[in-house]
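So the chains spell out like this:
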Amino acid sequence: MARTSGPETRDKLIRAAETLFAEQGVHGAQLRDVVALAGQGNPSAVQYHFGSRAGLLDAVMAGRQQRTERVLAPLLDAAPDEPAALVGALVQAEGSELGSDRGRRCLRISAQLSHESGVRTRTPHPTLAGTAYWRLIERIDACLAADGLPEPLLLERLDLALTVVGAALADRARQYLDGTEPLTGEELFLTDLTGTTTALLRAPRP
């Protein structure tokens, strides 16, 4: 029987989950299929290592977050308090995941979770508390407040902007994984995504 303990098994389960969560959805994928794809003989392997589907999903997202945080942190430190610069740092960091199939799968998963960040209540999801990603959100929030947007509209607009970035990157990731030829080169795509998202944030107050 295959091993069901140790870091190697845990990593196999995470990688299998990345594949199936991206292809079938974080709620649609069956844990038994994750276990089988990871080559494990114990059907309770996910529960043993992660406690639940939610625990496995958190582990998948933790690895993805570690990678993007390494890119985002120095960009955020260098960025002025201006929406275009902050959105540019976000898009560049998130876009770094397009460079590998693993990152592309994780972008597809992240897009399914975009409304769980806690932006609308200004209460970060526990996995985001204290991260560069959340600091960036707070800095964009402050820029929009300085523009005089009323709080409900500000929070909706910020949440929408993050959703747009996540959805656009997830679709780009899908094209790469499927072998579909994108309409634009990656540099132009990321630059336009930055400009479009910034324009959404800076749209005139209704």
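Please refer to the structure higher up on the page.
As a starting point, this report considers the structure included with it.

What counts as what
Positions within a chain are numbered from 1, following the residues in the order the chain's sequence is written. Local features in this predicted model are restricted to residues of pLDDT 70 or higher, and side-chain atom pairs are both shown and tallied only at a pLDDT of 80 or more, whereas totals for entire chains, interfaces and linings draw on every residue. Note: side-chain values were computed over all heavy atoms of the structure, leaving out hydrogens and water. Side-chain atoms within 4.5 Å link the members of a nonpolar core, which is a set of buried Ala, Val, Leu, Ile, Met, Phe, Trp, Tyr and Cys residues. Burial status follows relative accessibility: with a 1.4 Å probe on protein chains alone, a residue under 20% of its type maximum counts as buried, one over 50% as exposed, and anything between as partly exposed. Secondary structure elements follow DSSP: runs of H or I of four or more residues count as helices, runs of E of two or more count as strands, with numbering from the N terminus. Note on contacts: a residue pair is in contact if any heavy atoms of the two residues lie within 4.5 Å. Throughout this description, a polar contact denotes any pair of N or O atoms lying within 3.5 Å of each other; where both atoms belong to protein, one of them has to be capable of donating a hydrogen while the other can accept it, and for residues adjacent in sequence the pair is counted only when both atoms sit in side chains. When a carboxyl oxygen of Asp or Glu lies within 4 Å of a side-chain nitrogen of Lys or Arg, that pair is called a salt bridge. An expected span of 1.5 Å times one less than the residue number is assigned to each helix. When two rings of Phe, Tyr or Trp (its six-membered ring) have centres within 6.5 Å they constitute a pair, described as stacked for plane angles under 30 degrees, edge-to-face for angles over 60, and tilted for the intermediate range. Remark: a charge is flagged as sitting over a ring if the NZ atom of Lys or the CZ atom of Arg is within 6 Å of the ring centre and within 35 degrees of the ring normal. Cavities and pockets were defined on a 1 Å grid built over protein atoms only: a cavity is a set of grid points that admits a 1.4 Å probe from which the probe cannot escape, a pocket is an open set flanked by protein on both sides within 12 Å along at least five of seven lines, and lining residues are those with an atom within 4 Å of any such point. Grid points are joined across faces, edges and corners, and a volume is the space filled by probe spheres set on the points. Three classes are used, and their members are as follows: Ala, Val, Leu, Ile, Met, Phe, Trp, Tyr, Cys and Pro are nonpolar, Asp, Glu, Lys and Arg are charged, and the others, Gly among them, are polar.

### Some remarks on the nonpolar core
Inside soluble globular proteins, nonpolar side chains tend to come together where they are buried. Of all hydrophobic cores here, the largest spans 35 residues; its most connected members are Ile-140 and Leu-169. The leading source of residues in this core is helix H8 (residues 151-178), at nine residues. Sequence-distant contacts of Ile-140, that is, excluding residues within four places in its chain, are made with Leu-86, Val-87, Leu-158 and Leu-201.

### Focus: the side chain of Thr-68
Positionally, Thr-68 belongs in helix H4 (residues 53-78). Reaching out from Thr-68, the side chain makes a polar contact with the backbone oxygen of Gln-65 at a distance of 3.2 Å. Non-local contacts of Thr-68, meaning those with residues more than four positions away in its chain, are made with Ala-93, Glu-94, Ser-96 and Glu-97.

### Notes on the pattern of salt bridges
Opposite charge on two side chains allows them to pair when their charged atoms are near. With the rule as written, the count across this model stands at 15 salt bridges. Its salt-bridge partner being Arg-122, residue Glu-151 comes within 2.9 Å of it at the nearest N-O pair. In this pair, Glu-151 sits in helix H8 while Arg-122 sits in the loop between helix H6 (101-111) and helix H7 (132-146), placing the two residues 29 residues apart along the sequence. Given the relative accessible area of 45%, Glu-151 is considered partly exposed. The partly exposed category is assigned to Arg-122, whose relative accessible area is 35%. Residue Arg-202 is joined to Asp-147 by a salt bridge in which the shortest nitrogen-to-oxygen separation is 3.0 Å. With Arg-202 in the segment after helix H9 (186-201) and Asp-147 in the loop between H7 and H8, this residue pair connects regions lying 55 residues apart in the sequence. Salt bridges linked by common partners bring Asp-11, Arg-15, Glu-18 and Arg-102 together as one network.

### So, helix H1 (residues 7-24)
A rise of 1.5 Å per residue sets the reference length of H1, with its 18 residues, at 26 Å; its end C-alpha atoms lie 25 Å apart and thus fit the reference within 8%. For H1, the full list of buried residues reads Thr-9, Leu-13, Ile-14, Ala-16, Ala-17, Glu-18, Thr-19, Leu-20, Phe-21 and Ala-22. Looking at the buried side of H1, the elements it contacts are helix H2 (31-37), helix H3 (45-50), H4 and H6. Phi for Gly-25, located one or two positions after H1, is positive at around 95°.

### Description of the packing of aromatic side chains
Taken as a whole and assessed by the stated rule, the structure comprises zero aromatic pairs. In this arrangement the basic side chain of Arg-172 is found over the ring face of Phe-189, its NZ or CZ atom lying 4.6 Å from the centre.

### Some points on empty space enclosed by the protein
Across all of its chains, the model carries one cavity of 30 Å³ or more by this definition. Estimates place the volume of the largest cavity at around 40 Å³. As for the largest cavity, its lining consists of Val-87, Leu-90, Ile-140, Leu-158, Ala-161, Leu-162, Val-165, Thr-197 and Leu-201. Of all elements in the fold, only helix H5 (83-95), H8 and H9 reach the threshold of two or more residues within the lining of the largest cavity. When residues of the lining of the largest cavity are assigned to their parent elements, the largest contribution, four residues, is made by H8. When grouped by side-chain class, the residues that make up the lining of the largest cavity number eight nonpolar, one polar and no charged.

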